[in-house]
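Next come the chains, spelled out residue by residue.
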Amino acid sequence: MKSVTGRFVALSAARRMIGDLLRVSRQMPLIPGERTMHLAKLVDARRAAPAAVRPSWCAMFVKAMAAVAARHPEARRVFLTRPWHRMYEYNENVVSVVVERDCGGEPGLFLARVHSPEALPLGEIDAQIRRFKDRPIEEISAFQNALRLARMPLLVRRAVWSLLANWMPRLRAKFLGTMGISLTAGMGGVALSLLTPWTVTIFYDAFEGDGSLKFRVMFDHRVMDGRLACQMGREIEREMCGAIMDEVRALAPPAAAAA
């Protein structure tokens, strides 16, 4: 039988980052949830806004998610297992948006962290996310810190991740954020489930023709139950069709807003 040949490929810093993140995420008992959101009016309001100031869907979901989490302390908690089982509750939302950047000639996933987005205008949230997507990686300290950790020896990385995950919750929020959002709908596909290091993570499908979409959430069952996860999904939809839509409508020219 003819043998099959190949070659060994060293793990890049980008692949190490994902591997370390997944290793931590596997320790969390995440439960998926799904609901259909009807956002046709918001679709129309966003379409009426000038292209130069039109907010991204990511920015709108980030703000709606943070506004709901501000009302529910469970969404701002994290379950810690060392040195004993306990929870830590954050006073502030730090939403991490997963962004893809070129890293040494291959794609790498980084965390763009937005602090207290519920208190920011949509334009500022959009601008912050865009800076994380467009600025050179060398100029973004958060990305450089992630790469430095990924280049450390395996045992050192595992020790650091153990400290972040279970011993130092405040540093965990600084490095990972308190909740996450991962978006692939714009690429023509979407994940059905995710492994993430956050108590709450949201993601969604592309829009249907009637302005509806499939909204999905992953939540840590040790921290919250399915009832609250479903309630948060409903509240996020109300936030999108309420305060978020009002803010988007205010961006439209007076004639379009009157129409």
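Residues numbered from 1 in each chain as written. Predicted model: local features only at pLDDT ≥ 70, side-chain atom pairs only at ≥ 80, totals over all residues. Heavy atoms only, no water.

## Some details on the overall build of the protein chain
Now for step 1: Tallying secondary structure elements over the protein chain gives 9 helices and 8 strands in all.
Now for step 2: For a compact globule of 259 residues, the expected C-alpha radius of gyration is about 18 Å, and the protein chain comes in at 20 Å, within 12% of that figure.
Now for step 3: The principal-axis extents of the C-alpha atoms in the protein chain amount to approximately 65 × 45 × 45 Å.
Now for step 4: Put simply, the protein chain shows about 13,600 Å² of open surface, and 56% of that area lies on carbon and sulfur atoms.
Now for step 5: Put simply, the protein chain has 37 plus and 25 minus side-chain charges, and the middle of one group is 7 Å from the middle of the other. (Helix = DSSP H or I, 4+ residues; strand = E, 2+ residues; numbered from the N terminus. Rg over C-alpha atoms; globule rule 2.2 N^0.38 Å. Areas by Shrake-Rupley, 256 points an atom, 1.4 Å probe, with all protein chains shown as cover. Lys, Arg positive; Asp, Glu negative; His and termini not counted. Charge placed at Lys NZ, Arg CZ, Asp CG, Glu CD.)

## What to know about the environment of Arg113
Now for step 1: Counting through the fold element by element, Arg113 comes out in strand S5 (residues 106-115).
Now for step 2: Between the C-alpha atom of Arg113 and that of Met60, which follows or precedes it by 53 residues, the distance is 15 Å.
Now for step 3: Excluding anything up to four places from it in sequence, Arg113 contacts Val94, Val95, Ser96, Gln128, Phe132, Ala142, Ala173, Lys174, Phe175, Leu176 and Gly177.
Now for step 4: At a separation of 2.8 Å, a polar atom in the side chain of Arg113 contacts the main-chain carbonyl oxygen of Lys174.
Now for step 5: Here Phe175 takes part through its backbone oxygen, which lies 2.8 Å from a polar atom of the side chain of Arg113. (Contact = heavy atoms within 4.5 Å. Polar contact = N/O pair within 3.5 Å; in protein donor to acceptor, adjacent residues only side chain to side chain.)

## Some details on the packing of helix H1 (residues 13-25) against helix H6 (residues 154-167)
Now for step 1: Relative orientation of the contacting elements H1 and H6 amounts to 45°, with a least axis distance of 11 Å. Comparing their axes, H6 and H1 come out oblique. For the element pair H1 and H6, the recorded crossing hand is right-handed. Where H1 abuts H6, its residues Arg16, Asp20, Leu21, Arg23 and Val24 lie against Arg157, Arg158, Trp161 and Ala165.
Now for step 2: Along the lines of polarity and charge, the residues of the contact of H1 with H6 split into 4 nonpolar, no polar and 5 charged. (Axes fitted to C-alpha atoms, helices over the stretch in contact; angles between N-to-C directions. Parallel < 35°, antiparallel > 145°, perpendicular 65-115°, else oblique. Left-handed = near helix turned anticlockwise from the far one by under 90°. Nonpolar A, V, L, I, M, F, W, Y, C, P; charged D, E, K, R; others polar.)

## Comments concerning the layout of surface pockets
Now for step 1: Here the largest pocket is characterised by a volume of approximately 1,000 Å³.
Now for step 2: Contributing to the lining of the largest pocket are 46 residues, with Val98, Val99, Ile181, Ser182 and Leu183 lying nearest its centre.
Now for step 3: Counting residues per element, the ones that place at least two in the lining of the largest pocket are H1, helix H3 (57-71), strand S4 (94-103), S5, helix H4 (122-134), helix H5 (141-150), helix H7 (169-176) and strand S7 (200-204).
Now for step 4: Its residues placed into classes, the lining of the largest pocket shows 33 nonpolar, 6 polar and 7 charged. (1 Å grid on protein atoms, 1.4 Å probe; cavity = no way out; pocket = protein on both sides within 12 Å on 5 of 7 lines; lining within 4 Å. Points joined across faces, edges and corners; volume = space filled by probe spheres on them.)

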